[in-house]
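# Descriptive structure summary
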Amino acid sequence: MASALDTARKTIETLLNAITDTIIWSNDPKDPPSSGTWIEPHILWGGGFVSTKNGRSTITGVVSVNVFAQGGTGTGPLMVKADSVRDVMNRIESSGVRFGVPSGPRRIPNPESKWVQANITVPFSVDETV
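Quick look at the structure, then. Just so it is clear, the model here is predicted, and its values are computed rather than measured. Sequence order as written defines residue numbering, which begins from 1 separately in each chain. In keeping with the model being predicted, local features are shown solely for residues with a pLDDT of at least 70 and side-chain atom pairs are shown and tallied solely at 80 or more, while totals for entire chains, interfaces and linings include all residues. Water and hydrogen atoms were dropped before computing side-chain values, which therefore reflect all heavy atoms in the structure.

### Observations regarding the pairing of strand β5 (residues 103–108)
Relative to strand β6 (residues 115–129), β5 is paired through four bridges, and the arrangement is antiparallel. Bridge pairing in β6 links Ile 108 to Gln 117. Any two strands are treated as partners once DSSP identifies two or more bridges connecting them. Numbered from the N terminus, helices here are DSSP runs of H or I no shorter than four residues, and strands are runs of E no shorter than two.

Put into C-alpha cells, the structure is as follows:
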C-alpha cells in the first residue's frame, strides 16, 4: 500500500544523503551554502498500473536532481557532483526500488545566478500489493 511509496521515498533520500550533506528539499526550504556544491532533488510520481492479477501494482516515477556549483569555478565541480548523483542510482535495486538509466547531466543556463546548474533524471519503479 502507501507504505511502499514511503519506503521508496526513504530509499531515495538515503541514497542521496550518502553522496552529499548539502541537500535542499522542496518541503524544507533553506538558503543554499555560500560556496561549494549542493543538490535540490524532487521525487516526481508517475503512473501506476496493475502488474499481476493477484493484487500487485507497479508505480513509476522519476527522481529529478538539480545540481549546483559555484560560478566562476568552471564546470569540473558541477560534473563531479552530477556524476555522483548518477552513480548512486544507476541501474540498481535498493529496498524494492528499481532505478533505471540516468539521463543528463543537462546544463541549465542561468546567467543571472552565481551558480552553474545541471539536471539529472533517473526513472524508477516500485511494487505494492493491494
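### Description of the pattern of salt bridges
By convention in these notes, a salt bridge is any Lys or Arg side-chain nitrogen within 4 Å of a carboxyl oxygen on Asp or Glu. Scanning all chains against the criterion turns up five salt bridges. Linking Lys 10 and Asp 6 is a salt bridge whose minimum nitrogen-to-oxygen distance equals 3.3 Å. Of this pair, Lys 10 and Asp 6 both sit in helix α1 (residues 2–17), four residues apart, which is roughly one turn of that helix. Judged by its relative accessible area of 46%, Lys 10 falls in the partly exposed class. Exposure is judged per residue with a 1.4 Å probe applied to protein chains only, and the accessible area is read against the type maximum: over 50% gives exposed, under 20% gives buried, and values in between give partly exposed. Assessed through its relative accessible area of 31%, Asp 6 is described here as partly exposed. A salt bridge links Arg 56 to Asp 127; the shortest N-O distance between them is 3.7 Å.

### Here's the deal with unusual backbone geometry
A cis geometry characterises the amide bond from Gly 104 onward to Pro 105, with omega recorded as 15°. Take Pro 105: it is sitting in strand β5. A positive phi is found at Arg 91, a non-glycine position, where the angle reads about 50°. Take Arg 91: it is sitting in the loop between α2 (76–89) and β3 (93–94). Its identity is not glycine, yet Ser 95 carries a phi of approximately 55°, on the positive side.

### A few points about the packing of aromatic side chains
For this analysis, a ring pair means two rings from Phe, Tyr or Trp (six-membered ring only for Trp) whose centres lie within 6.5 Å, classed as stacked if their planes differ by under 30 degrees, edge-to-face if by over 60, and tilted for the remaining angles. Overall, the coordinates contain four aromatic pairs when judged by the stated rule. Relative to Trp 115, the ring of Trp 38 has its centre 5.7 Å away and its plane inclined at 85°; by these criteria the two rings are edge-to-face. One end of the pair, Trp 38, is in strand β1 (residues 37–50); the other, Trp 115, is in strand β6, with 77 residues separating them in the sequence. The two residues Trp 38 and Trp 115 agree in class, both being buried. Put simply, the rings of Trp 38, Phe 68 and Trp 115 pair up and form one aromatic cluster.

### Topic: the side chain of Lys 81
Topologically, Lys 81 is positioned in helix α2. For the charge count, each Lys or Arg is scored as positive and each Asp or Glu as negative, with His and the chain ends excluded. For Lys 81, which is buried and forms no salt bridge, the nearest opposite charge comes from Asp 21, at a distance of 6.4 Å. Residues count as neighbours in contact if any of their non-hydrogen atoms are within 4.5 Å of one another. Non-local contacts of Lys 81, meaning those with residues more than four positions away in its chain, are made with Ile 19, Thr 20, Thr 37, Ile 39 and Val 67.

### Some points on the environment of Ser 103
Here Ser 103 is to be found in strand β5. Judged by its relative accessible area of 28%, Ser 103 is partly exposed. Ser 103 sits 41 residues away from Val 62 along the chain, and the two C-alpha atoms are 11 Å apart. Dropping the residues within four chain positions of it, Ser 103 is found in contact with Arg 86, Asn 119, Ile 120 and Thr 121.

### What to know about the nonpolar core
Ranked by size, the top nonpolar core spans 26 residues in total, and within it Leu 16, Met 89 and Phe 99 carry the most contacts. Elements with a minimum of two residues in this core: α1, β2 (56–70), α2, β4 (97–99) and β6. No other element matches the six residues that β6 contributes to this core. Among buried residues, those of type Ala, Val, Leu, Ile, Met, Phe, Trp, Tyr and Cys that are joined through side-chain atoms within 4.5 Å constitute a nonpolar core.

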